[in-house]
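Residue-level structure breakdown
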Amino acid sequence: MFLKTSFTTLIVGVFVVYVLHTCWVMYGIVYTKPCDSPKADNCITPFLAGNPKLQLSIYASVKPNADGGHTLIHREEDFDVNSKFERIVNVSLPKKTRNNGTLYALIFVHQAGLNPWQDPRQVHLVAQLTTYMVPKPPEISLISGEDQTQGQKQEDQKKKRRDGSSGAGTRAKGGATASTDHPVSHWRSRLTLNIVGDHFLFDREYLPSDVHRYLRVFQNGKKMVYLPLLFVDELSNRVKDLVEINGSSTELPLTVLYDAISLGRLRFWIHMQDAVYSLQQFGFTEKDADEIKGIFVDTNLYFLALTFFVAAFHLLFDFLAFKNDISFWKQKKSMVGMSSKAVLWRCFSTIVIFLYLFDEQTSLLVLIPAGIGSIIEVWKVKKAFKIQIFWKGGKPTFLFGKLDESERRTEEYDTLAMKYLSYLLYPLCIGGAVYALIFLRYKSWYSWLINSLVNGVYAFGFLFMLPQLFVNYKLKSVAHLPWKAFMYKAFNTFIDDVFAFIITMPTSHRLACFRDDVVFLIYLYQRWLYPVDRTRINEYGISYDEKPKGKAHKD
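Residues numbered from 1 in each chain as written. Predicted model: local features only at pLDDT ≥ 70, side-chain atom pairs only at ≥ 80, totals over all residues. Heavy atoms only, no water.

An unreviewed UniProt entry lists the protein under the name Lipid scramblase CLPTM1L, from Poecilia mexicana. In UniProt, the protein has this text filed under Subcellular location (unreviewed entry): "Membrane". (UniProt positions renumbered as here; feature names shortened; annotations may be inferred.)

Written as structure tokens, this is what we have:
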């Protein structure tokens, strides 16, 4: 017991040190030491302090250095750094871009009335307007074999006939894209720009390294002056905003968004953007990086700080729940009071969710923990059913252990609960699967099967927690449950509730967060209702009456 307590204390101590260190690092990012005296020689003053007249010009080019020509796509006259705006412009795509090529945006902030290519006091950045990604396979109706594009074409033809149009109507844009495993060029429909609006005085001796690469300085008499800090927000480029480019895409819309930004937020954004870029260099795909971008987009710094602390505690509770759950099942020798059907269901549902995430090509950040959880649940089933595996001639032989009298009574209650539950559960799952087969489209029969199973898990999975409640009710005891691991998981459930309406997730998964709360509250009620049975064997394989103090206990 001492070693376990010491290990837990060590983990909590490491967690506290990690949180404090992260807070110190975050403080160093968002806080920049200003120059003490504006007249000092080591101060770098802002060019924006003189209120110059500026323009914003955006050009498109097939090469980042503008070799081969460039085209003006937008110009903002009388550009005000502190005025937020949003513009939608149509960009003509060169033939090279349409043939699975690239396109870049050259953004200039320069003095009004001057050509940006000839202005010595201009700042510019280059941003990609295209990216490469494997297109999503087309979804079809498994009954009729009709895909989404064909269905849209039939609806358009019906509309034309109702309108009385002739056969020589306008041709539909694009067409069905053949499924391919090769990356193709996609259009980034958003371009988000920021400029630091603060008139911050930099100290040359304490110049942040992350800002240094964006800083352009020139000598103005005896003073050093820095030009506007221009920044392209790559984190706002989400996968959901990408548009596949094909041969018929001659022109596509581009949303240009601009807003002023503080120096602290700029530095934080630079660090986060560099972190996402590093992950992509390690092999993360555009979709994997998009999962991380979703945390930061449209979120203020205060909420991000709250997200960090809550996520850190979530990670701590996950680890402690994992540790106590493994310890409980490792020492578990009897299934008295435990619903074996619930254990089997958790294993099945965890595997189904893992296969669903794999079929949807979910980020590795989510897929790997789900796979590890599936392996643990399979191990629990082996312990619950007392399965022994013997290998004979390269073939496995499974031997199931026998149940004692107390375990058989628990099994009877468990079977009775499942019998009543099946009357409600099976018709709902089968009906949902048939409805999806008729009215929805899927990539394959396997995709339909996995989606139907996972929808059943999300929608009705909490019903499989009810047999354990029924067993507790019949035995009038909850002493057989792993309460330490259960409480840690319950804390995480409430944390999930907080973010259920904030973080983007499927509606079924969002409802699943709240369904667990109901079952947890019933468990708490049962723990209060049923007193502790001191003769029952606890999770460590001993009972209180094995070490009596004073007078022996009498039944």
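Our next topic: the overall build of the protein. On a plain count of helices and strands, the protein comes out with 14 helices and 17 strands. Burial statistics for the protein: of 555 residues in total, 40% are counted as buried. Within the protein, counting contacts between residues at least 6 apart in sequence, those at least 24 apart form 77% of the total. Of the accessible surface of the protein, which amounts to about 32,600 Å², a share of 60% is contributed by carbon and sulfur atoms. (Helix = DSSP H or I, 4+ residues; strand = E, 2+ residues; numbered from the N terminus. Buried < 20%, exposed > 50% of the residue type's maximum accessible area, 1.4 Å probe, protein only. Contact = heavy atoms within 4.5 Å. Areas by Shrake-Rupley, 256 points an atom, 1.4 Å probe, with all protein chains shown as cover.)

Okay, the UniProt feature "transmembrane region" (unreviewed entry) in the protein next. Under the UniProt annotation, "transmembrane region" (unreviewed entry) lies at residues 7-30, 301-322, 343-358, 420-439 and 445-466. Annotated as 100% helix and 0% strand, the span residues 343-358 places its first and last C-alpha atoms 23 Å apart.

We now examine the sheet that holds strand S10 (residues 202-203). Across the sheet, four strands lie side by side as S10-S1-S12-S11; this open sheet has mixed pairing. The sheet is open, and its two edges are formed by S10 and strand S11 (217-220), each paired on a single side. In this sheet, S10 lies alongside strand S1 (residues 43-46) in antiparallel orientation, the contact comprising two bridges. Counterpart to cysteine 43 in the pairing with S10 is aspartate 203. (Pairing = 2+ DSSP bridges.)

With respect to the helices and strands, the residue alanine 66 is situated in the loop between strand S2 (54-61) and strand S3 (71-79). Residue classification places alanine 66 among the buried positions, given a relative accessible area of 11%. For the pair formed by alanine 66 and leucine 106, sequence separation is 40 residues and the distance between their alpha carbons is 8.1 Å.

What follows covers the packing of aromatic side chains. According to the stated counting rule, one finds 14 aromatic pairs in the structure shown. Taking the centre distance of 5.0 Å and the plane angle of 70° together, the rings of phenylalanine 79 and tyrosine 258 count as edge-to-face. Pair noted here: phenylalanine 79 is in strand S3 and tyrosine 258 is in strand S15 (residues 251-261), with a separation of 179 residues, a long-range link. A relative accessible area of 3% means that tyrosine 258 is categorised as buried. Taking the centre distance of 5.7 Å and the plane angle of 45° together, the rings of phenylalanine 268 and tryptophan 269 count as tilted. Pair check on accessibility: phenylalanine 268 and tryptophan 269 agree, each one buried. Aromatic rings pair up to connect Trp24, Tyr27 and Tyr31 into one cluster. One residue, arginine 265, lies across the ring of tryptophan 269, its end atom 4.5 Å from the ring centre. (Phe/Tyr/Trp six-rings, centres within 6.5 Å; stacked < 30°, edge-to-face > 60°. Lys NZ or Arg CZ within 6 Å of the ring centre and 35° of its normal.)

It is worth spelling out the pattern of salt bridges at this point. Taken as a whole and judged by the stated rule, the model has six salt bridges. When the shortest N-O distance is used, the salt bridge between arginine 188 and glutamate 234 registers 3.2 Å. A residue pair is termed long-range when its members are at least 10 positions apart, and arginine 188 in strand S8 (residues 184-188) and glutamate 234 in the loop between strand S13 (230-232) and strand S14 (242-244) qualify at 46 residues. (Salt bridge = Lys/Arg side-chain N within 4 Å of Asp/Glu carboxyl O.)

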